[in-house]
Amino acid sequence: MKINAPLRMVVLLICSTFLFHGCSSGPDDVPETGTVTGTVTLDGAPLADALVQFQPENGRTSTGTTDTDGKYELDYTGTLKGAKIGKHSVSITTFNAPEGNLETKEAQKQIPKEKVPAQYNKDTTLTADVKAGENTIDFDLQSK
């Protein structure tokens, strides 16, 4: 069976439309983001192993963990660095819940204490404004 030229052209155009549509740059629901890096210190010393969270007024939270020098870089998703552009509430914590049974008093004694005051995490007063492009946002926390 032979397909005539006009029909072949229509089929080719339809296939091309689906092919190019499937190769778009990503989902439409990903907002514009800016990269965010910085340093967290507590009483002037680098704060290692702290979880840094940027929560926008609406949308997905971006997170990062500080290294031994207190440096962090935020991730928006597993493959996208940064945070949504705009104002954020920021939370910084060193608490890391241990795994396993925590019902005994001995197990509860082994729960590490939070190093960061509540005003920087559960009762946070920290904010940040993320702009397009590169953002360096440092936090100098005080324990008292």
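This text follows the structure it describes.
Residues numbered from 1 in each chain as written. Predicted model: local features only at pLDDT ≥ 70, side-chain atom pairs only at ≥ 80, totals over all residues. Heavy atoms only, no water.

Chemist: Report on the environment of Thr65, specifying residues and quantitative values.
Modeler: With respect to the secondary-structure elements, Thr65 resides in strand β4 (residues 62-65). Considering only alpha carbons, one finds Thr65 and Thr93, 28 residues apart in sequence, at a separation of 9.6 Å. (Helix = DSSP H or I, 4+ residues; strand = E, 2+ residues; numbered from the N terminus.)

Chemist: Describe the pairing of strand β1 (residues 33-42), and please don't skip the residues or the numbers.
Modeler: Burial analysis of β1 places seven of its ten residues in the buried class, which makes it a mostly covered element. In this sheet, strand β6 (residues 83-84) lies alongside β1 in antiparallel orientation, the contact comprising two bridges. When the bridges of β6 are listed, Gly34 appears paired with Ala83. Bridging between β1 and strand β9 (residues 133-136) involves four bridges; their strand directions are parallel. (Buried < 20%, exposed > 50% of the residue type's maximum accessible area, 1.4 Å probe, protein only. Pairing = 2+ DSSP bridges.)

Chemist: I'd like a description of unusual backbone geometry, backed by residues and values.
Modeler: The backbone of Asp43 sits at a positive phi, close to 55 degrees, despite the residue not being glycine. Structurally, Asp43 is set in the loop between β1 and β2 (45-46). Despite not being glycine, Asp49 has its phi angle at roughly 60 degrees, a positive value. Position of Asp49 relative to the elements: it lies in the loop between β2 and β3 (51-56).

Chemist: Summarise the side chain of Thr41; cite the residues concerned and give the values.
Modeler: Topologically, Thr41 is positioned in strand β1. By relative accessible area, Thr41 is classed as buried at 16%. What Thr41 contacts, discounting residues up to four positions off in sequence, is Pro46, Leu47, Phe139, Asp140 and Leu141. (Contact = heavy atoms within 4.5 Å.)

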